[in-house]
Amino acid sequence: MSGAAIDYDGLIPNNVDLAHDLRVRKALETWHPGYIDWWKKMGPELFQNSPVFLRTAVGVGSDNWAKFDFVRMPEYRWGVLLAPKIEGRTVPFGAHKGEPAWQEVPGEYRAMLRRLLVIQGDTEPASVEQQRHLGATAPSLYDLRNLFQVNVEEGRHLWAMVYLLQKYFGRDGREEAEELLKRRSGDTDSPRMLGAFNERTPDWLSFFMFTFFTDRDGKMQLAALAQSGFDPLSRTCRFMLTEEAHHMFVGETGVTRIIQCTCDAMKAAGITDPYDIERVRALGVIDLPTLQKKANLHFSLTLDLFGNEISTNAANAFNAGLKGRYQEDKLTDDHQLINAMYPVLRPRDGVLVNEDVPALSALNMRLRDDYVADAAVGVSRWNRVFTQTGIDFRITLPHVAFNRRIGEFAAAHADTEGNVLSREAWDQRKATMLPSADDAAFIASLMRPVRERGLFAPWIAPPRYGIDNRAGDFEYVKIDG
Ligand SMILES: [Fe+2]
Ligand SMILES: [Fe+2]
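Analysis parameters
Residues numbered from 1 in each chain as written. Chains lettered and ligands numbered in written order. Predicted model: local features only at pLDDT ≥ 70, side-chain atom pairs only at ≥ 80, totals over all residues. Heavy atoms only, no water. Helix = DSSP H or I, 4+ residues; strand = E, 2+ residues; numbered from the N terminus. Rg over C-alpha atoms; globule rule 2.2 N^0.38 Å. Areas by Shrake-Rupley, 256 points an atom, 1.4 Å probe, with all protein chains shown as cover. Donors = N, O, S within 2.8 Å, 3.2 Å for Na, K, Ca; no water. Phe/Tyr/Trp six-rings, centres within 6.5 Å; stacked < 30°, edge-to-face > 60°. Lys NZ or Arg CZ within 6 Å of the ring centre and 35° of its normal. Tetrahedral: all angles 85-135°; square planar, octahedral: opposite > 155°, others 65-115°. Buried < 20%, exposed > 50% of the residue type's maximum accessible area, 1.4 Å probe, protein only. Expected span 1.5 Å × (residues − 1). Lys, Arg positive; Asp, Glu negative; His and termini not counted. Salt bridge = Lys/Arg side-chain N within 4 Å of Asp/Glu carboxyl O. Polar contact = N/O pair within 3.5 Å; in protein donor to acceptor, adjacent residues only side chain to side chain. Contact = heavy atoms within 4.5 Å. Axes fitted to C-alpha atoms, helices over the stretch in contact; angles between N-to-C directions. Parallel < 35°, antiparallel > 145°, perpendicular 65-115°, else oblique. Left-handed = near helix turned anticlockwise from the far one by under 90°. Nonpolar A, V, L, I, M, F, W, Y, C, P; charged D, E, K, R; others polar. Pairing = 2+ DSSP bridges. Disulfide = S-S within 2.5 Å.

A. Expanded view of the overall build of the protein chain. For the protein chain, the count of helices and strands is twelve helices and six strands. For the protein chain, the C-alpha radius of gyration of 23 Å lies close to 23 Å, the compact-globule estimate for 481 residues. Considered along the principal axes of its C-alpha atoms, the protein chain spans approximately 65 × 65 × 40 Å. In the structure as shown, the protein chain presents an accessible area of about 19,900 Å², 49% of it carried by carbon and sulfur atoms.

In structure tokens form, the structure reads like this:
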């Protein structure tokens, strides 16, 4: 099957011909009740019975792939959707460059590939768990719907990885699929695999920052895996990327709307100094320095997801043809990195210096650099609001050495400008760079739900456009069913 049409007849919507793949269909149908059970226990804690205006994929082409309708979340048609097969595709990079792309798992890379799928798969349910309490305090029905859209799609991303595990890894794959439903974000005994996915997402500002910064890591990882020589993984990730774009849209526009609301309120009150925090907060909006601190936190937590700058695992996955670089297909080098070098920033005697290392071992660093550039473009769009409203402020990305726990900077303390600090200086200045308990309490105090059609909490501006072009007072979630 080339994969454009989706079969919605069976229990599991798919474009991988599950109707004729009895072994995998049975494995997925066996896994399904555990998934639904997980969704009901660990998915959104409220509104599971409310019809939500959700989009569901009806095709995998680049346009018209989605349809919008009211769905109760547990009845969402999670499915297995792969982007169309490209005939004649070859392994785009690494030692096997130019060989036909693999339709089956190459035996020698089985363990490595399984590990990549499990790590990616683990992040998907993790974010649903992190966001499960947010429905209680949504600032509008529009935002509530966007949260649930992100949640059901992260659920579908789990399906995507589980399909690959069950289809290509037999019993091992089925066991991993079960484990993906057992780990829990933030659990001390059985946490999710990566640090940022065990942090709390206590309020809507955190949610928007998470979807802006951390879902963007998802985009980079998926983009690197979409280059894979293992064709089913490439096709899976290519379709997942179309969904991921919406998650970052939610984060980017969410923060933009907060900035807009704050700037408008400051202007109306005649406040020109963004650091006049008490007066700004008294208006019932989020002060700009606190937004900056939240950005500092989520950016630094997300950078840790890229792992060690110098990594043998990353080199091996590239050589094997399993995980490429961001936009590998648009790069014009040898795609094998023979003799290539790449600069890695590292602390040396109290200062940060760039050192050239073999590019193969610096692939995590490179992906992180691509991420930072991508995030910076989004931040520049936030900053347009300051230009438009005339408020003298800019959100900036902190230095990559700031607040890190993994990699070259883990052992050092650095400020947001990248100056290396002593332990004492760090402790003293920390609260000026990261959200404090006071900041968290203030944000928490604003988190009161707004559930009337067309109304928004006073700390966030309405969106410019409705979802699927709906009017401003559209009832995106029919709370009472
Ligand atoms: Fe995802
Ligand atoms: Fe996402």
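Now that the structure has been shown, the text picks up again.
B. Inspection of the coordination of the iron ion (ligand 1) at higher detail. At the metal site, the iron ion (ligand 1) is ligated by Glu-124 (OE), Glu-154 (OE) and His-157 (ND1), and these contacts range over 2.0 to 2.2 Å. Linear spacing of the donor residues for the iron ion (ligand 1) on their chain is E-x29-E-x2-H. The iron ion (ligand 2) is placed at 3.4 Å from the iron ion (ligand 1), the two being bridged by Glu-154. Of this pair, Glu-124 sits in helix 2 (residues 110-130) while Glu-154 sits in helix 3 (residues 141-168), placing them 30 residues apart in sequence.

C. Focus on the packing of aromatic side chains. A complete count under the given rule lists 33 aromatic pairs for this structure. Ring geometry for Trp-38 and Trp-39: centres 6.1 Å apart, planes at 65°, overall edge-to-face. An aromatic cluster of three or more residues is present, and its members are Trp-31, Tyr-35, Trp-38, Trp-39, Tyr-76, Trp-78 and Trp-159. We note Arg-470 situated over the ring of Phe-474; from NZ or CZ to the ring centre the distance is 5.3 Å. One Lys or Arg, Lys-478, reaches over the ring of Phe-70 and ends 4.2 Å from the middle of that ring.

D. Looking closely at the coordination of the iron ion (ligand 2). Protein ligation of the iron ion (ligand 2) involves Glu-154 (OE), Asp-215 (OD), Glu-244 (OE) and His-247 (ND1), the donor distances falling in the range 2.0 to 2.2 Å. For the iron ion (ligand 2), the four donor atoms in the first shell make angles of 90 to 168° at the metal, so the coordination geometry reads as irregular. Counting gaps between the donor residues of the iron ion (ligand 2) yields the pattern E-x60-D-x28-E-x2-H. Taking the relative accessible area as the measure of exposure, Glu-154 reaches 3% and is therefore buried. With a relative accessible area of 3%, Glu-244 lands in the buried category.

E. Structural context of helix 8 (residues 288-303). The end-to-end C-alpha separation of helix 8 is 23 Å, in line with the 22 Å expected for 16 residues at 1.5 Å each. Taking burial as the measure, the 16 residues of helix 8 include 15 buried ones, the bulk of the element.

F. Fine view of the environment of Ala-111. Position of Ala-111 relative to the elements: it lies in helix 2. Overall, the relative accessible area of 60% leaves Ala-111 in the exposed class. It is 9.5 Å that separates the C-alpha atoms of Ala-111 and Phe-169, two residues lying 58 residues apart in sequence.

G. Structural detail: the side chain of Arg-145. Here Arg-145 is to be found in helix 3. In this structure Arg-145 is buried but unpaired, with Glu-153 as the nearest side chain of opposite charge at 6.6 Å. In terms of polar contacts, Arg-145 uses its side chain to reach the backbone carbonyl oxygen of Phe-53, at 2.7 Å. Ignoring any residue separated from it by four or fewer positions in sequence, one finds Arg-145 in contact with Val-52, Phe-53, Leu-54, Arg-55, Phe-68, His-246, Ile-467, Tyr-476 and Val-477.

H. Highlighting the pattern of salt bridges. In total, this model carries 34 salt bridges according to the counting rule given. The residue Arg-55 makes a salt bridge to Glu-153 at a minimum N-O spacing of 2.7 Å. Placement of the pair is Arg-55 in strand 1 (residues 51-57) and Glu-153 in helix 3, with a sequence separation of 98 residues. Glu-153 matches Arg-55 in its accessibility class, with the two residues each being buried. Overlapping salt bridges bring together Asp-122, Glu-129, Arg-183, Arg-184 and Arg-192 as one network.

I. Focus on the packing of helix 3 against helix 6 (residues 231-269). Where helix 3 meets helix 6, the axes come as close as 10 Å, and the angle between the chain directions of the two elements is 160°. By the angle class used here, helix 3 and helix 6 are roughly antiparallel. Viewed along their axes, helix 3 and helix 6 form a crossing whose handedness is left-handed. A breakdown of the residues in the contact of helix 3 with helix 6 according to their chemical character gives 13 nonpolar, six polar and eight charged.

J. Geometry of the pairing of strand 3 (residues 341-348). The pairing of strand 3 with strand 4 (residues 351-358) spans eight bridges and is antiparallel. Bridge pairing in strand 4 places Val-344 opposite Glu-355. Hairpin remark: strand 3 followed by strand 4, antiparallel, with two residues in the connecting loop; positive phi at Asp-349, about 50°.

K. Inspection of the state of the cysteines at higher detail. Summed over all chains, the structure comprises zero disulfides. The structure places no disulfide on Cys-261, whose sulfur is separated from the nearest cysteine sulfur, that of Cys-263, by 9.5 Å. A relative accessible area of 13% means that Cys-261 is categorised as buried. Residue Cys-263 is classed as buried on the basis of its relative accessible area of 0%.

L. Molecular detail of the environment of Asp-439. Within the secondary structure layout, Asp-439 lies in helix 12 (residues 437-446). What makes Asp-439 buried here is its relative accessible area of 5%. Residues Asp-439 and Asp-187 lie 252 residues apart in sequence; the distance between their C-alpha atoms is 25 Å. Residues within four places of Asp-439 in sequence aside, it is in contact with Arg-281, Thr-290, Lys-293 and Leu-434.

M. How the structure looks around helix 3. Taking 1.5 Å as the rise per residue, helix 3 with 28 residues should run 40 Å; its terminal C-alpha atoms sit 41 Å apart, in good agreement. Across the 28 residues of helix 3, 27 count as buried, placing the element largely inside the fold. Capping the start of helix 3 is the job of one residue whose side-chain oxygen sits 3.3 Å from the backbone nitrogen of Tyr-142: Ser-140. A positive phi of about 50° marks Gly-170, the residue just after helix 3.

N. Representation of unusual backbone geometry in the model. Phi angles above zero are rare outside glycine, and Leu-337 is one such case at about 65°. With a phi close to 50°, Asp-349 is a non-glycine residue in the positive phi region. Position of Asp-349 relative to the elements: it lies in the loop between strand 3 and strand 4.

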